[in-house]
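Chain residues, written in single-letter form:
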Amino acid sequence: MKILMFGRGVIATAYGWALERAGHEVEFFVRPGRAAVYGPTVDLELLDARRRVRGQRVVETWPVRYRESLEPDHGFDLVVVSVQHYGVAEALSFLGPRAGDATVLVFNNLLVEPSVAVEALPAGQVAWGFPGAGGGFGDDGVLRAALLPVLFFGTLGGPPTERERAVRAVFRGAGFRIRETTDVRGWLTLHFLQNAGLHSQSLRLGSLTGLAGRRRDVREAVLAIRELLPLAEARGVDLRRHRSELLPYTAPAWLTAPALAWLFGHFPPMRTVMEAHANPEELRAVCRDTLAEARRLGVPVPRLEAAEPYFAAQPAG
Ligand SMILES: NC(=O)C1=CN([C@@H]2O[C@H](COP(=O)(O)OP(=O)(O)OC[C@H]3O[C@@H](n4cnc5c(N)ncnc54)[C@H](OP(=O)(O)O)[C@@H]3O)[C@@H](O)[C@H]2O)C=CC1
Ligand SMILES: CC(C)(CO)C(=O)C(=O)O
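Basis of the calculations
- Residues numbered from 1 in each chain as written.
- Chains lettered and ligands numbered in written order.
- Predicted model: local features only at pLDDT ≥ 70, side-chain atom pairs only at ≥ 80, totals over all residues.
- Heavy atoms only, no water.
- Helix = DSSP H or I, 4+ residues; strand = E, 2+ residues; numbered from the N terminus.
- Rg over C-alpha atoms; globule rule 2.2 N^0.38 Å.
- Buried < 20%, exposed > 50% of the residue type's maximum accessible area, 1.4 Å probe, protein only.
- Areas by Shrake-Rupley, 256 points an atom, 1.4 Å probe, with all protein chains shown as cover.
- Lys, Arg positive; Asp, Glu negative; His and termini not counted.
- Charge placed at Lys NZ, Arg CZ, Asp CG, Glu CD.
- Contact = heavy atoms within 4.5 Å.
- UniProt positions renumbered as here; feature names shortened; annotations may be inferred.
- Pairing = 2+ DSSP bridges.
- Axes fitted to C-alpha atoms, helices over the stretch in contact; angles between N-to-C directions.
- Near = heavy atom within 4 Å.
- Polar contact = N/O pair within 3.5 Å; in protein donor to acceptor, adjacent residues only side chain to side chain.
- Right-handed = clockwise from strand over helix to strand, strands pointing away.
- Left-handed = near helix turned anticlockwise from the far one by under 90°.
- Nonpolar A, V, L, I, M, F, W, Y, C, P; charged D, E, K, R; others polar.

- Looking at an unreviewed UniProt entry, the protein carries the name 2-dehydropantoate 2-reductase, with the source organism given as Microlunatus capsulatus.

Put into structure tokens, the structure is as follows:
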């Protein structure tokens, strides 16, 4: 399959590498002038956990191909969009008139209504997913990331279409296991709110990795996430449809917090995601946007509110 990764960010690069390795033709779409800045290769230090639970280390200089313009007759079968949640509107409105016949996989964190987010894309050509990977580019330009064995796909209700099934087959063929939901709207809302609860504490500690092994702080994060669940409900999410994913936050915190703290600190793929994450502005934006939404809907979120000094926008000047 011909696959275009939109942008050359952490998620696009890590999955672009895995998909090329699985035999697909992969290119990156980058803004005009960016290809020269990025250079013709990417230095990768990946922990690939598709086949081994604790991951297999990959150190590689990967030659990549870019394009800086996009016409609708591009011939790609699949475009994978994974950008910051605050960049989705711009990315999808750019892509809308240029999608051609490609299926567009939205592989992203999102707080806005999914159906509104994809309004610019041709109807019937959208697939919804979420990465099971994470990390960041170091100051040395090296991508340090972990690829977990499981990733997420979903629909806005009902079974996947033929196009959506074809996208799943691409990732399954590359060795990933797929977890499905027919309520991707609820899933994405809950994932965003989980991140906000987590970051309300990680920002206080200075970084995501600050949570590794810290039971008390992880407990605060768990309780912050629990406080955010009514916000999901206020947005119309039926929590009963996501019971198993929510278990770490609904079960007694004295039980789940030590387990999560251990996972963050000692399970190598998770530790890599936490240690390598290099975009604190994203973490702040997730908290800011969640707090704004809680205030809009009048939902009390005391722990997120208490953390506001760590993520409030700085006055200009
Ligand atoms: N990193 C992680 O650990 C994880 C990330 N995620 C989620 O995955 C998504 C992607 O994250 P991540 O890969 O870290 O993000 P990055 O910031 O690393 O990558 C985003 C990429 O998209 C490009 N981009 C954004 N808008 C445009 C545009 N309009 N035109 C062209 N290129 C564009 C950016 O280019 P430019 O630099 O030119 O702006 C950049 O290369 C986010 O929603 C994030 O929350 C989920 C799990 C883990
Ligand atoms: C790795 C993490 C928690 C950082 O925000 C993330 O982006 C996600 O899982 O959505």
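### Digging into the overall build of the protein
Turning to step 1, where the next piece is worked out: Within the protein one finds 12 helices and 12 strands.
Turning to step 2, where the next piece is worked out: The C-alpha atoms of the protein give a radius of gyration of 19 Å, which matches the 20 Å a tight globule of 317 residues would have.
Turning to step 3, where the next piece is worked out: The dimensions of the protein, computed from C-alpha atoms along their principal axes, are 50 × 45 × 40 Å.
Turning to step 4, where the next piece is worked out: Out of the 317 residues in the protein, the part that is buried amounts to 52%.
Turning to step 5, where the next piece is worked out: Carbon and sulfur atoms make up 53% of the accessible area of the protein, which amounts to about 14,400 Å² in all.
Turning to step 6, where the next piece is worked out: Side-chain charges of the protein comprise 37 positive and 34 negative groups, with the mean position of each set lying 7 Å from the other.

### Remarks on helix α10 (residues 268-276)
Turning to step 1, where the next piece is worked out: Three or more residues of α10 are buried, namely Pro268, Pro269, Thr272, Val273, Met274 and Ala276.
Turning to step 2, where the next piece is worked out: At its buried positions, α10 is contacted by β3 (41-48), β9 (133-137), β10 (143-147) and α9 (253-266).

### Some details on the UniProt feature "domain: Ketopantoate reductase N-terminal" (unreviewed entry) in the protein
Turning to step 1, where the next piece is worked out: Summarizing the sequence annotation, UniProt attributes the feature "domain: Ketopantoate reductase N-terminal" (unreviewed entry) to residues 3-130 in the numbering used throughout.
Turning to step 2, where the next piece is worked out: As a span, residues 3-130 carries 23% helix and 32% strand, and end to end its C-alpha atoms are 17 Å apart.

### Observations regarding the sheet that holds strand β2 (residues 25-29)
Turning to step 1, where the next piece is worked out: Read from one edge of the open sheet, 8 strands run β5-β2-β1-β6-β7-β8-β11-β12, paired in mixed fashion. The two strands at the open ends of the sheet, each matched to only one other strand, are β5 (66-67) and β12 (177-181).
Turning to step 2, where the next piece is worked out: Sheet topology note: the strand β6 (residues 78-81)/strand β7 (residues 103-107) ladder contains 4 bridges and is parallel. Note on β7: the bridge partner recorded for Val81 is Val106.
Turning to step 3, where the next piece is worked out: The strands that helix α5 (residues 162-173) touches are β1 (2-6), β6, β7, β8 (126-130), β11 (150-154) and β12; relative to β11, the one it contacts most, it runs at about 180 degrees.

### Some details on the site of ligand 2
Turning to step 1, where the next piece is worked out: Every residue close to ligand 2 is listed here: Asn109, Phe130, His191, Asn195, His199, Leu208, Val273, His277 and Leu283.
Turning to step 2, where the next piece is worked out: Contact distances for ligand 2 include 2.9 Å between an oxygen atom and a side-chain N or O atom of Asn109.
Turning to step 3, where the next piece is worked out: Separating an oxygen atom of ligand 2 from a side-chain N or O atom of His199 is a distance of 2.9 Å.
Turning to step 4, where the next piece is worked out: Burial of ligand 2 by the protein amounts to 82% of the accessible area it has alone, namely 280 Å².
Turning to step 5, where the next piece is worked out: A per-element tally of the shell around ligand 2 places helix α6 (residues 184-205) first, with 3 residues.

### Quick notes on the pairing of β6
Turning to step 1, where the next piece is worked out: Side chains Leu78 and Val80 project from β6 onto one buried face, and the interleaved Val79 and Val81 project onto a second face that is buried too.
Turning to step 2, where the next piece is worked out: Note: β1 against β6, 4 bridges, orientation parallel. Looking at the pairing, Phe6 lines up with Val81 of β6.
Turning to step 3, where the next piece is worked out: For the handedness criterion, the β-α-β arrangement of β6, helix α3 (residues 88-95) and β7 is classed as right-handed.

### Some thoughts on the sheet that holds β10
Turning to step 1, where the next piece is worked out: With mixed pairing, 4 strands are arranged side by side in an open sheet as β4-β3-β10-β9. Of all the strands in the sheet, the pair left with one neighbour each is β4 (56-63) and β9. Mean inter-strand twist for the sheet, computed between neighbouring axes without regard to direction, equals 20 degrees.
Turning to step 2, where the next piece is worked out: Running at roughly 115 degrees to β9, helix α1 (residues 10-21) makes contact with β3, β4, β9 and β10 of the sheet.

### Quick notes on the packing of α6 against helix α7 (residues 215-234)
Turning to step 1, where the next piece is worked out: Close contact between α6 and α7 brings their axes to 8 Å; oriented N to C, the two are set at 145 degrees. Crossing angle aside, the handedness with which α6 passes α7 is right-handed. Seen from α6, the contacting residues are Thr189, Leu190, Leu193, Gln194, Ala196, Gly197, Leu198, Ser200, Gln201, Arg204 and Leu205; seen from α7, they are Asp217, Glu220, Ala221, Ala224, Ile225, Leu228, Leu229, Leu231 and Ala232.
Turning to step 2, where the next piece is worked out: Of the residues contributing to the contact of α6 with α7, the split by class is 12 nonpolar, 5 polar and 3 charged.

### Side note on the packing of α6 against helix α11 (residues 280-297)
Turning to step 1, where the next piece is worked out: Relative orientation of the contacting elements α6 and α11 amounts to 115 degrees, with a least axis distance of 9 Å. Once α6 is placed against α11, the crossing between them reads as left-handed. Counted together, Phe192, Leu193, Asn195, Ala196, His199, Ser200, Ser202 and Leu203 of α6 and Pro280, Leu283, Arg284, Val286, Cys287 and Thr290 of α11 form the full contact between these two elements.
Turning to step 2, where the next piece is worked out: The class makeup of the residues in the contact of α6 with α11 is 8 nonpolar, 5 polar and 1 charged.

### Side note on the site of ligand 1
Turning to step 1, where the next piece is worked out: For ligand 1, the set of nearby residues contains 24 residues, the closest of which are Ile11, Arg34, Gln84, Asn109 and Glu282.
Turning to step 2, where the next piece is worked out: Separating an oxygen atom of ligand 1 from a backbone N or O atom of Val10 is a distance of 3.0 Å.
Turning to step 3, where the next piece is worked out: The side chain of Asn108 places a nitrogen or oxygen atom 3.1 Å from an oxygen atom of ligand 1.
Turning to step 4, where the next piece is worked out: For ligand 1, the protein covers 84% of the area, taking 890 Å² as the surface of the free molecule.
Turning to step 5, where the next piece is worked out: Within the residue set of the shell around ligand 1, elements represented by two or more residues are α1, α2 (34-38), α3 and β9.
Turning to step 6, where the next piece is worked out: Of the residues in the shell around ligand 1, the class split is 10 nonpolar, 9 polar and 5 charged.

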